[in-house]
Amino acid sequence: MAKIKITKEDFEAAIPVASTKNSYILDMLQPYIELAAEEVERDIMGGVGMDAYEDGTNERLAKLAKGNVCFRAFLPHFRSLDVVLTATGFGVVSTQDTAPASKMRTDALKSQLDIEAERNRCALLIELFHIEEWNEQPIRQTLVPTLFWNFDLLGMYAGKESPIINDWRSAQPLIAEADGILRNHIGDALMDRLLNKLTSANIDKVEIKAVTMIQQIIGMHINGYKTAEKTYYKRLMNYIEKHIDSFLEYKDSDEYKYNHFKGYENTKDSGMFIFQG
């Protein structure tokens, strides 16, 4: 049985548009809430995160975890509920005397809730980054496989104005592709170290600048800005070389030896350049 319990107040705090005078929605979704809570505990919190949750001292962690449960339970069953437009927004009722909202409006609400759910998930992960040893659990590699892990990075670095959830989903193959290219040129060891530092909230100023540059490169890869990719890749490499004592994994890697092979000069016209268009 799940340890995360959802009250009517918890549910409506997470999804205000589903507020009702009675507990109709919560009662209807109760089996799905229980399953969603088990998923969150297993797939996001892990044993370390649940220990922190049950400790009861981190109110933000508890609020975000409960919110994630609510979104997971509500969104898959959204269209099977009777959604109506009320004076305060969208709600769900069980009466026969209220007309349902139009498909266009319910689609718009679903799209917005998908975004809010993803932002809730990212906020929960950020909170978990600050919990000692959370990132040492195997689930971290699934939840944060690359440095371009946060939905809002699409707007920051990929040129996506007002991104929707489908933008995030369709970007995943390109994110993985760019991550693989970078790993081939600066090494798995350095990329993994940066991921570990980021997800343990133990990253210094020199490292965070490198992370930001990597996120910018991946964002440009998503948007297809090949020239900008090359420019920012050069900046990244120059930065790493300048602060090489902070990136010893790269200095000790085969990738470093390859990049410094005297018989090869990495020019803009070279077919071996990292982000060949």
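See the structure above.
Quick look at the structure, then. Per chain, the residues get numbers from 1 upward, laid out in the order the sequence is written. Since the coordinates come from a predicted model, pLDDT governs what is reported: local features require at least 70, and pairs of side-chain atoms require 80 or more to be given and counted, while whole-chain, interface and lining totals use all residues. Hydrogens and water are ignored here; the side-chain numbers use all heavy atoms of the structure.

### Considerations on helix α9 (residues 205–223)
Residues spaced three or four apart along an α-helix face the same direction, because each turn holds 3.6 residues. The end-to-end C-alpha separation of α9 is 27 Å, in line with the 27 Å expected for 19 residues at 1.5 Å each. Where α9 begins, the side chain of D204 points an oxygen toward the backbone nitrogen of V206, at a separation of 3.1 Å. G224 lies just past α9 and shows a positive phi near 80°. Helix and strand definitions follow DSSP, with helices as H or I runs of at least four residues and strands as E runs of at least two, each counted in order from the N terminus. Helix span is expected to be 1.5 Å times the residue number reduced by one. Side-chain atoms alone can form a polar contact between residues adjacent in sequence; in general such a contact is a pair of N or O atoms within 3.5 Å, and within protein one must be able to donate a hydrogen while the other accepts it.

### Focus on the side chain of E41
Here E41 lies in helix α2 (residues 24–55). The buried charged residue E41 lacks any salt bridge partner; its closest oppositely charged side chain belongs to K3, at an N-O distance of 6.2 Å. Only protein chains enter the accessibility calculation, which uses a 1.4 Å probe. A residue is then buried if its area is under 20% of the maximum for its type, exposed if over 50%, and partly exposed in between. Two residue types count as positive, namely Lys and Arg, and two as negative, namely Asp and Glu; His and chain ends fall outside the count. Definition used for salt bridges: Asp or Glu carboxyl oxygen within 4 Å of a side-chain nitrogen of Lys or Arg.

### A few points about the pattern of salt bridges
By the definition in use, this model includes 16 salt bridges. Between D114 and K110 there is a salt bridge, with the nearest N and O atoms lying 3.0 Å from each other. A residue pair is termed a helical-turn pair when its members lie 3 or 4 positions apart in one helix, as D114 and K110 do in helix α4 (residues 103–129) at four residues. For the pair shown, D114 and K110 are each scored as buried.

### So, the packing of α2 against helix α3 (residues 59–74)
The axes are straight lines fitted to the C-alpha atoms, using for helices just the contacting stretch, and the angles between their N-to-C directions are given from 0 to 180°. Packing of α2 against α3 brings their axes to within 8 Å, and their N-to-C directions diverge by 145°. The chirality of how α2 crosses α3 is right-handed. For the pair formed by α2 and α3, the contact residues are L29, Y32, I33, A36, A37, E39, V40, I44, M45, G49, A52 and Y53 on the first element and L61, A62, A65, K66, N68, V69, R72, A73 and F74 on the second. Following the grouping adopted for this structure description, the nonpolar residues are Ala, Val, Leu, Ile, Met, Phe, Trp, Tyr, Cys and Pro, the charged ones are Asp, Glu, Lys and Arg, and the polar ones are all others, Gly among them. For the contact of α2 with α3, the residue count by class is 16 nonpolar, two polar and three charged. A crossing counts as left-handed when the near helix is turned anticlockwise from the far one by less than a right angle, and as right-handed when that turn is clockwise. In what follows, a contact means two residues having at least one pair of non-hydrogen atoms within 4.5 Å.

### Describing the packing of α9 against helix α10 (residues 226–242)
Put simply, α9 and α10 touch, their axes get as near as 8 Å, and they point 165° apart. Taken as axis vectors, α9 and α10 run roughly antiparallel relative to one another. The chirality of how α9 crosses α10 is left-handed. Along the contact surface, α9 presents K205, V206, K209, A210, M213, I214, Q216, I217, M220 and H221, while α10 presents K226, A228, E229, Y232, Y233, R235, L236 and Y239. Class assignment for the residues of the contact of α9 with α10 results in 11 nonpolar, two polar and five charged. If an angle is under 35 degrees, it is roughly parallel; if it is over 145, roughly antiparallel; if it lies from 65 to 115, roughly perpendicular; otherwise it is oblique.

### Considerations on unusual backbone geometry
The backbone of S162 shows a phi angle near 50°, a positive value even though the residue is not glycine. Counting through the fold element by element, S162 comes out in the loop between α6 (153–157) and α7 (165–186). Assessed through its relative accessible area of 61%, S162 is described here as exposed. With a phi close to 50°, A201 is a non-glycine residue in the positive phi region. The topology assignment puts A201 in the loop between α8 (188–198) and α9.

Everything listed is a geometric property; what it means functionally is a separate question.
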